[in-house]
Amino acid sequence: FCSRIPPRIQVSTDLLQNLGVHLMLAAHNSRHYTGAITDGLTRLGNKQYGLVRLEETVFSAQRYNVDLVLAMCDIDHFKRVNDSFGHLAGDRVLKEVSRRLKDCMRKADIAVRYGGEEFMLIMPQVGVDSLAIIGEKVRHAVSSAPIDLGEGLKPIEVTMSIGIAAYDAKTESGQALIARADAALYRAKQAGRNRVEVDY
């Protein structure tokens, strides 16, 4: 870049060194920030990042009177994967499920690893009439093909239970919305797993 500066503009070595130090610090800080908000295994946002973004999205939904949907998702029988094939295989499942979740979402949506094998999906500007369709789209994306476990292990089928809830701007906080989506997720698991339960 500096080699293309016209000769009439004088750039001192000190200025370039100073600029280099500041650029290095900016890159260093950027890496630290990204690491602080990102789950190291799945490369999705981490729980703390998700909770902050949810509160921001709730504020926007209230202020501009727009729709908001939250899904809580849980990989079915994930403990069996770790117990049967080992934690490295479990990590491969988490990575691939995360990739499939991200691939089926819009750029405006936020996918978060909420903890363990549970994920939170924040989807602004989605109408109530689309809840079941979106939930089924996510469920199908996860279960559409077996997941390769590597190291000569046979690929396995993985399914997901999903609880999905629409935000009510008049009565709810972000935590209340999480609680409703979580309750719907619990119903999905109680009803046999690999299904979507909706809380309108």
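Residues numbered from 1 in each chain as written. Predicted model: local features only at pLDDT ≥ 70, side-chain atom pairs only at ≥ 80, totals over all residues. Heavy atoms only, no water.

A. The overall build of the protein, seen in detail. The number of helices and strands found in the protein is 6 helices and 5 strands. Ordered by position in the sequence, the α and β elements of the protein form the string α-α-β-α-α-β-β-α-β-α-β. If you line up the protein on its principal axes, its C-alpha atoms span 75 × 55 × 25 Å. Classification of the 200 residues of the protein by burial places 42% in the buried group. For the protein, the share of sequence-separated contacts (at least 6 apart) that also reach a separation of at least 24 residues comes to 67%. In the structure as shown, the protein presents an accessible area of about 11700 Å², 54% of it carried by carbon and sulfur atoms. (Helix = DSSP H or I, 4+ residues; strand = E, 2+ residues; numbered from the N terminus. Buried < 20%, exposed > 50% of the residue type's maximum accessible area, 1.4 Å probe, protein only. Contact = heavy atoms within 4.5 Å. Areas by Shrake-Rupley, 256 points an atom, 1.4 Å probe, with all protein chains shown as cover.)

B. Looking closely at the packing of helix α2 (residues 47–64) against helix α6 (residues 174–190). Direction vectors running N to C along α2 and α6 enclose 110°, while the axes themselves pass 9 Å from each other. In terms of orientation, α2 and α6 fall into the roughly perpendicular class. Counted together, L51, L54, E55 and V58 of α2 and G174, Q175, L177 and I178 of α6 form the full contact between these two elements. When its residues are assigned to classes, the contact of α2 with α6 shows 5 nonpolar, 2 polar and 1 charged. (Axes fitted to C-alpha atoms, helices over the stretch in contact; angles between N-to-C directions. Parallel < 35°, antiparallel > 145°, perpendicular 65-115°, else oblique. Nonpolar A, V, L, I, M, F, W, Y, C, P; charged D, E, K, R; others polar.)

C. View of the pattern of salt bridges. Enumeration over the complete set of coordinates arrives at 14 salt bridges. Residues D148 and R92 are paired through a salt bridge, measuring 3.7 Å at the closest nitrogen-oxygen approach. Of the two residues, D148 sits in the loop between α5 (131–143) and β4 (160–166) while R92 sits in helix α4 (residues 87–103), which places them 56 residues apart along the sequence. You can call D148 partly exposed: its relative accessible area is 44%. In this structure, a network of salt bridges that share partners links the residues E96, R99, R100 and D103. (Salt bridge = Lys/Arg side-chain N within 4 Å of Asp/Glu carboxyl O.)

D. The arrangement of the packing of aromatic side chains in detail. Under the defined criterion, the tally for this structure stands at 0 aromatic pairs. In this structure, K47 is placed above the aromatic ring of Y114, and the distance from its NZ or CZ to the ring centre is 4.6 Å. (Phe/Tyr/Trp six-rings, centres within 6.5 Å; stacked < 30°, edge-to-face > 60°. Lys NZ or Arg CZ within 6 Å of the ring centre and 35° of its normal.)

E. How the structure looks around the packing of α4 against α5. Close contact between α4 and α5 brings their axes to 9 Å; oriented N to C, the two are set at 140°. Here α4 is positioned oblique relative to α5, judged by the angle of their axes. Seen from above, α4 lies across α5 with right-handed handedness. Here α4 contributes V97, R100 and L101 to the contact with α5, which in turn contributes V138, A141 and V142. Partitioning the contact of α4 with α5 into residue classes produces 5 nonpolar, no polar and 1 charged. (Left-handed = near helix turned anticlockwise from the far one by under 90°.)

F. Molecular detail of the layout of surface pockets. Considered as a void within the structure, the largest pocket measures approximately 230 Å³ in volume. Lining the largest pocket are 13 residues, and of these G45, K102, D109, I110 and A111 sit closest to its centre. Of all the secondary-structure elements, those providing two or more residues to the lining of the largest pocket are α2 and β2 (110–115). (1 Å grid on protein atoms, 1.4 Å probe; cavity = no way out; pocket = protein on both sides within 12 Å on 5 of 7 lines; lining within 4 Å. Points joined across faces, edges and corners; volume = space filled by probe spheres on them.)

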